[in-house]
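Chain by chain, the residues:
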Amino acid sequence: MVWGFLAGTIGIAKNYFLYPMTVSHPIRFLTLPPSLVAGIGSVYARFHLEVKLLELALLRERVHQKEEEILCREWLHREEQEKLSSLRHQKRHIEWLSGRICVKEALLAFLKSAGPLSADVSASRLQIVTAPSGRPLLRQGAVVGKMAAPHISISHSGEYAMAVAAAVPCGIDIQENRDSLGRVKERFCDAAEEKMMTRSLAVLAPSEHLTLLWAAKEAVKKGVILERMPGFLELRLHRIESVLAPGRQGCFLFTFAFLVDNPGKAGAPPASSPQFQALVCLHRGYGICLLYTSDAADEED
């Protein structure tokens, strides 16, 4: 009997040693860049959205410490756990996991701010599915009840993952400043856009111009719902405005319009469709963009 008691005690201690972070070491999300926070407060202050930022190194350390099983139980739906187990490439494995954890945190913050939550609402009860278009969606179910499922967007690049949850379609993108963007700029940046950024973003380097433009166009494409999604060059930068303090640590508002064929005359120049405004900033060598497609129904009185 004594041996049985000791064996049980050792087993409990062993499990605690292997998985010590269930309570004492929760995931630490990063503070958002001050320029982004200021920009959100200036441009999107009237709207309901939650943005989260996670450093992949923190998550990678947890996985290397054999704590992935705990992370999965705490953060992933059963079907999401199955999906994660199928991702054998380590880099993709960590990126996918970080994106899901980040968007679950944004969703929980969004749902809590919308009203009291049931005690059974947890990250593992929320399931993120992928639409045929590739857009991530929160599966509507008993967890959210009669409330319309929030819109979400996920992004990761380099050492960071970001996510947003909002009441209307939204898009987020984070892009590491890489030389490779300069080698493919003709795929997403035309001469007029390059000239506009050189003039309006003179305090930034050309590579930073491209990083912000890429992140902005990615966020717009994620957040705008159209029957046919135009290509990068069909999404035209029309205007750049400084938000709050101009300069390297400031935030900018990029205004875009999709170029569509003009059906009026053969050979007529393209016409511009409705415009979209995207909030962009730089942070530690990364470009960040947030798009919120404002809806009058979502504005506060």
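Above this text you will find the structure in question.
Only a predicted model underlies this, so the values are computations on that prediction, with no experimental measurement involved.

Enquirer: If you had to explain the overall build of the chain to someone new, which residues and values would you point to?
Expert: Of the regular secondary structure elements, the chain holds 10 helices and 10 strands. Of all 301 residues assigned to the chain, the portion counted as buried reaches 45%. Residue pairs in contact within the chain that sit at least 24 positions apart in sequence constitute 64% of those at least 6 positions apart. Counting every atom, the chain has about 15800 Å² of accessible surface; 56% of that belongs to carbon and sulfur.

Enquirer: How would you summarise the nonpolar core if you had to cite specific residues and measurements?
Expert: Grouped together as the largest cluster of nonpolar side chains are 32 residues, with contacts concentrated most on Ile27, Leu59, Leu71, Leu84, Leu97, Ile101 and Leu107. Going through the elements one at a time, α4 (56–64), α5 (68–75), α7 (90–114), β4 (151–157) and β5 (160–166) are the ones with two or more residues in this core. Here this core takes 11 residues from α7, the largest share from any one element. The residues contacting leucine 84, other than those within four sequence positions of it, are Glu68, Cys72, Leu76, His93, Trp96 and Leu97. Within the second largest apolar cluster, 30 residues are counted, among which are Phe188, Leu201, Leu204 and Ala278.

Enquirer: Describe the packing of aromatic side chains, with residues and values.
Expert: Inspection of the entire model under this criterion finds eight aromatic pairs. Both rings, one in phenylalanine 188 and one in tryptophan 214, keep their centres 5.0 Å apart while their planes meet at 85°; by these two values the pair is edge-to-face. Note that phenylalanine 188 is positioned in the loop between α8 (180–183) and α9 (191–200) and tryptophan 214 in helix α10 (residues 206–223), a separation of 26 residues in sequence. According to the relative accessible area criterion, phenylalanine 188 is buried, its value standing at 0%. Here the aromatic cluster, defined as three or more aromatic residues joined through ring pairs, consists of Tyr44, Phe47 and Tyr292. Above the ring of phenylalanine 232, the side-chain terminus of lysine 221 is found at 5.3 Å from the ring centroid.

Enquirer: I'd like to hear about α4, residue by residue, with values.
Expert: Where α4 is concerned, the buried positions are Leu56, Leu59, Arg62 and Val63. Considered in projection along α4, the buried side chains sweep an arc of 120° and stay on one side of the axis. Note on α4: the residue one or two positions beyond its end, lysine 66, has a positive phi of about 65°.

Enquirer: Lay out the pairing of strand β1 (residues 49–55) in plain terms, naming residues and giving numbers.
Expert: The two faces of a sheet get side chains in turn, since along a regular strand they alternate between them. Buried residues dominate β1, accounting for five of its seven residues. Taken together, the seven bridges between β1 and β5 define a ladder with antiparallel strand orientation. Within β5, the residue paired with leucine 54 across the bridge is alanine 161.

So, how was this worked out
Each chain carries its own residue numbering, running from 1 in the direction its sequence is written. The model is predicted, so local features are restricted to residues of pLDDT at least 70 and side-chain atom pairs to those at 80 or more, both for listing and for counting; the totals for chains, interfaces and linings are taken over all residues. Neither water nor hydrogens contribute to the side-chain values; these are computed over all heavy atoms in the structure. Only runs of H or I of at least four residues qualify as helices and only runs of E of at least two qualify as strands under DSSP, and these elements are numbered from the N terminus. Relative accessibility decides the category of a residue: with a 1.4 Å probe and only protein chains considered, values under 20% of the type maximum give buried, values over 50% give exposed, and everything between is partly exposed. Between two residues, a contact is recorded if the distance between any of their heavy atoms is within 4.5 Å. What sets the accessible areas is the Shrake-Rupley method with a 1.4 Å probe; for residues, cover comes only from the shown protein chains. In this text, buried Ala, Val, Leu, Ile, Met, Phe, Trp, Tyr and Cys residues form a nonpolar core when linked through side-chain atoms within 4.5 Å. Two rings from Phe, Tyr or Trp (for Trp, the six-membered ring) form a pair when their centres are within 6.5 Å of each other. A pair whose planes differ by under 30 degrees is stacked, one over 60 is edge-to-face, and the rest are tilted. Definition used: whenever NZ (Lys) or CZ (Arg) falls within 6 Å of the ring centre and also within 35 degrees of the ring normal, the charge is taken to sit over that ring. When we speak of the arc, we mean the arc of directions from the helix axis to the C-beta atoms. The pairing criterion for strands is at least two bridges between them, as found by DSSP.

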